[in-house]
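# An overview of the molecular structure
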Amino acid sequence: MKTKRVSGSEAVILSLIEEGVNTIFGYPGGAIMPIYDLLYDYQDQIKHILTRHEQGAAHAAQGYARVTGKVGVCMVTSGPGATNLTTGLADAMLDSTPIICISGQVVSGLLGTDAFQETDVMGFSMPITKWNIQITRAEEIPEMMARAFFIATTGRPGPVMIDITKDAQFAELDFKYEKCRDVRSYVPRPKLQMEYVEKAAALINNAKKPMALVGQGVILSGAEKLLLQFIEKAQIPAAWTLLGNSAMPTDHPLNVGMLGMHGNYGPNIKTNECDLLLGLGMRFDDRVTGDVKTYGKMAKVIHFEIDSSEVNKNVKADVAVIADIKETFEAILPLIKETKREEWLNQFKSAYQYEYDKIIEKDIHPEKEGLTMGEVIRRITERTDGEAILVTDVGQHQMIANRYFKFKHSRSVVTSGGLGTMGFGLPAAFGAQRGRPDKTVIAVIGDGGFQMTIQELGTIWQNKAPVKIVLLNNNFLGMVRQWQQLFFDKRYSSTELTNPDFITIARGFGIDGKKVSERKDLDGAINEMLSLEGPFLLEVTVEKEDNVFPMVPAGASVSDIRLE
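Residues numbered from 1 in each chain as written. Predicted model: local features only at pLDDT ≥ 70, side-chain atom pairs only at ≥ 80, totals over all residues. Heavy atoms only, no water.

### Remarks on the sheet that holds strand β19 (residues 512-516)
To keep it simple, the criterion reads: We call two strands paired when DSSP finds no fewer than two bridges between them. Here a strand is any run of E in DSSP of at least two residues, a helix any run of H or I of at least four, and the numbering for each starts at the N terminus. Any two residues whose heavy atoms approach within 4.5 Å are treated as being in contact. Lines are fitted to the C-alpha atoms to define the axes, a helix being fitted only along its stretch in contact, and any angle between axes, read from their N-to-C directions, falls within 0 to 180 degrees.
If you trace the 6 strands from one edge of the open sheet to the other, you get β16-β15-β17-β18-β20-β19, paired in parallel fashion. Strands at the two margins of the open sheet, each flanked by one partner only, are β16 (413-414) and β19. Each of β15 (389-392), β16, β17 (441-446) and β18 (468-473) touches helix α18 (residues 425-435); the most contacted strand, β17, lies at about 175° to it. Docked against the sheet, helix α23 (residues 522-531) engages β17, β18, β19 and β20 (536-541), running at close to 160° with respect to β20.

Take a look at the structure:
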């Protein structure tokens, strides 16, 4: 490849183009201005999206990455521009989302002097990124950019922070770009050990009551088809974590529902009845396990995981296969015996029917006068026929939406799992829509989280992004209020909201909307929202004390799941 004499700023842009990047989310400022100036000359190759806040840029990059499987890229200035990214970086780190965040920095001669808008980007970003680097010389840019993309996307994906001093952006270099293929001491794909695959296969073949726990690792690996072959051959009921949602179609006969605190009754109860638990690309998070001392005590545990640091961290594995899960499935499938487990599978059907009669029927076909979150989600998912992408914020609506929305395709759910970031939903929905403009993107958000990043309505309108926003308004911080009701004697401390006129605010941003508070108006409003070409805000007033059940109280055993 021939070299080209360019500035450091142009080298950044050319590196992004070499990596196939065509979209950047960001917010300009003094220390990043040289790169933004050069972006002006590359508008036909890279589209820059001006968000209204740097946190919004990070979440939009996450939404883009989650639905496309590509790297999301955001770019900000130094100081507060960089610090405003921290929530997005931490969220991406916990949820294994590959994003590249580029920040400008003061000139290298001023580093450490507390110059205007200088912050220790390396110090604050180190614990919340997979890798970070500060570039002070222009000639470092191509190699470090290539390394950043390699690290962000390989193995267990994650966020990378690149901090570039202003003098490095102005200085010149001979640009030559080579994609990174390896980094010394970094082993993104552990070597598959067949002896452990064989041990796992033996446990599976001898199990009477196995249950699979499907995590996001299956999606990140692109192993969804192999997952179905695996569970179908062995007839293993499969439940999913919050981030594992959509790894298998909702209506698949072996899909037995969501795990964890607000998961389905069957998978939670059967955790302590099964004789084999298979963790498939998941990390046995506390919201899945509840009290680990009482978790799965009747079962052997098999863990398929690419990140060795997650193995035996929370739940001890009897057999661990540390490798890319796609490779693991390919190796184990020939060793699995075709099995029938009708009696075991029927137990999950019975558990679901019990849950349906006690909870689901009341959620989606309520007899009460007020609207419920569950019926709103049911009516929307019926209209979108499993083809929409669901993006949620965090709270009660998040759990309800993931419980009742239906999916036919993988990468159809974008939600904040590990960090539980309120304010995530609106900018992430915009990023998802940019990544998959061929899909209907439904953003389900609560009235609390909506107000944390409400300014991103401006980003949506400026870019004419047809995001369909469903605001479930109960005038409360609903999830905290539910805990206060159940565990703090209904002492509703600092959770009631006096909300603004959301529809008027949306219209101020040029976005049409409608507010619904009666059941008779719901279907018409949903139809109006979905038929409109542009963005739309549908605000639905729901019951103030509409709780999310089932529920495993924090720290309790999954067997102590509450249905009311």
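And the narrative resumes.
### Brief notes about the domain arrangement of the protein chain
Reports often express the size of an interface as the amount of accessible area lost when the parts come together. The condition is simple: Where each domain starts and ends comes from a domain assignment, either automatic or drawn from a database. A simple way to read buried area is as the amount of 1.4 Å-probe accessible surface that goes missing from two parts once joined, with both sides added. Think of a salt bridge as a Lys or Arg side-chain nitrogen and an Asp or Glu carboxyl oxygen that are within 4 Å of each other.
Domain annotation of the protein chain identifies domain 1 (4-175), domain 2 (194-348) and domain 3 (369-541). Taken residue by residue, the interface counts 24 residues in domain 1 and 27 residues in domain 3. When domain 1 packs against domain 3, the two sides together hide about 2000 Å² of surface, and 61% of this comes from carbon and sulfur. When the area that domain 1 buries against domain 3 is broken down by residue, the three leading residues are Arg52, Arg66 and Val67, summing to 33%. Linking domain 1 with domain 3 are 0 salt bridges, by the criterion used here.

### So, the sheet that holds strand β3 (residues 47-50)
Pairing within the open sheet is parallel, and its 6 strands lie in the order β3-β2-β4-β5-β7-β6. Each of the sheet's edge strands pairs with one partner strand only, and the pair in question is β3 and β6 (131-135). For this sheet, the mean angle separating the axes of adjacent strands, direction not counted, is 20°. Of the strands in this sheet, β4 (72-76), β5 (99-105), β6 and β7 (160-165) touch helix α7 (residues 141-153), which is tilted by about 170° from β6.

### Let's talk about the pattern of salt bridges
Heads up, the rule is: When a residue's accessible area, from a 1.4 Å probe over protein chains only, is under 20% of the maximum for its type it is buried; when over 50% it is exposed; and in between it is partly exposed.
What the rule picks out here adds up to 29 salt bridges. Residue glutamate 327 pairs with arginine 189 through a salt bridge whose shortest N-O separation is 3.4 Å. Taken together, the residues span a long stretch of sequence, with glutamate 327 in helix α14 (residues 325-332) and arginine 189 in the loop between β8 (172-175) and α9 (194-206) at a distance of 138 residues. Overall, glutamate 327 belongs to the partly exposed group, its relative accessible area being 26%. Since its relative accessible area comes to 48%, arginine 189 is described here as partly exposed. Here arginine 378 makes a salt bridge to glutamate 382, at a shortest N to O gap of 3.1 Å.

### Describing the nonpolar core
Note the cut-off: Nonpolar cores were defined as sets of buried Ala, Val, Leu, Ile, Met, Phe, Trp, Tyr and Cys residues, with membership established by side-chain atoms within 4.5 Å.
Counting 82 residues, the largest nonpolar core has Ile204, Phe230, Leu280 and Phe329 as the members making the most contacts within it. Considering every element that reaches this core, the biggest residue donor is helix α11 (residues 224-234), with 6 residues. Counting the residues that make up this core, at least three belong to each of domain 2 (194-348) and domain 3 (369-541). Grouped together as the second largest cluster of nonpolar side chains are 47 residues, Ala57, Ala58, Val67 and Ala90 included.

### Details of the pairing of β7
Filter applied, for reference: By the criterion used throughout, a crossover qualifies as right-handed when its path from the first strand across the helix to the second strand runs clockwise, the strands pointing away from the viewer.
For β7, a buried count of 6 out of 6 residues is recorded, marking the element as mostly surrounded by other parts of the structure. Here β5 pairs with β7 via 6 bridges, running parallel. Residue isoleucine 100 lies in a different strand from β7, and its bridge partner there is valine 160. With respect to chirality, the unit in which β6 leads through α7 into the neighbouring parallel β7 is right-handed.

### Comments concerning the pairing of β6
A large share of β6 lies buried, amounting to 4 of its 5 residues. Two strands pair when backbone bridges link them, and β6 and β7 are joined in this way by 5 bridges, in the parallel orientation. When the sheet's bridge partners are listed, isoleucine 135 is paired in β7 with isoleucine 164.

### With respect to the packing of α11 against α14
In plain terms, the rule: Handedness of a crossing follows from how the near helix is turned relative to the far one, being left-handed for an anticlockwise turn of less than a right angle and right-handed for a clockwise one. Residue classes follow a fixed rule: Ala, Val, Leu, Ile, Met, Phe, Trp, Tyr, Cys and Pro count as nonpolar, while Asp, Glu, Lys and Arg count as charged, and any other residue, Gly among them, counts as polar.
At their nearest, the axes of α11 and α14 sit 10 Å apart, and the two run at 35° to each other. Between α11 and α14 lies a crossing of left-handed hand. Contacts between α11 and α14 involve Leu226, Leu227 and Phe230 from the former and Lys326, Phe329, Glu330 and Ile332 from the latter. Among the residues making up the contact of α11 with α14, the classes are represented as 5 nonpolar, no polar and 2 charged.

### What about α9?
Heads up, the condition is: Helix span is expected to be 1.5 Å times the residue number reduced by one. Read the arc as the range of directions from the helix axis to the C-beta atoms.
If you check α9, its first and last C-alpha atoms are 18 Å apart, about what 13 residues at 1.5 Å a residue would give, namely 18 Å. By the burial criterion, the buried members of α9 are Val197, Ala200, Ala201 and Ile204. Projected down its long axis, α9 carries its buried residues within an arc of 100°, all on one side. Buried residues along α9 sit against α11, β12 (276-280), β13 (300-305), β14 (319-322) and α14.

### Details of the packing of aromatic side chains
The cut-off we apply is this: Centre distance within 6.5 Å is the pairing criterion for rings of Phe, Tyr and Trp, where only the six-membered ring of Trp is used; planes under 30 degrees apart are then read as stacked, over 60 as edge-to-face, and the remainder as tilted. Charge-over-ring contacts are defined here by two conditions on Lys NZ or Arg CZ: a distance within 6 Å of the ring centre and an angle within 35 degrees of the ring normal.
On inspection of all chains with the given rule, the structure shows 15 aromatic pairs. Among the aromatic residues, those joined into a ring-pair cluster are Phe25, Tyr64 and Phe430. A cation over an aromatic ring shows up here: lysine 464 above the ring of tryptophan 461, its NZ or CZ 4.3 Å from the ring centre. Positioned over the ring face of phenylalanine 476 is arginine 481, at 5.9 Å from the centre of the ring.

### Structural notes on α18
For α18, the buried fraction is high: 10 of the 11 residues fall into the buried class. Those residues of α18 not exposed but buried are Gly425, Leu426, Pro427, Ala428, Ala429, Phe430, Gly431, Ala432, Gln433 and Gly435.

### Observations concerning the state of the cysteines
One way to say it: the disulfide is the covalent bond shared by the sulfur atoms of two cysteines. Stated precisely, the cut-off is as follows: When the sulfur atoms of two cysteines come within 2.5 Å, that pair is taken as a disulfide.
Applying the stated criterion to the full structure yields 0 disulfides. Cysteine 101 takes part in no disulfide bond, and the closest cysteine sulfur, belonging to cysteine 74, lies 3.1 Å away. In this structure cysteine 101 comes out as buried when scored by relative accessible area, which is 0%. Considering cysteine sulfurs only, cysteine 101 is the nearest to cysteine 180, which forms no disulfide, with 19 Å between them. Since its relative accessible area comes to 18%, cysteine 180 is described here as buried.

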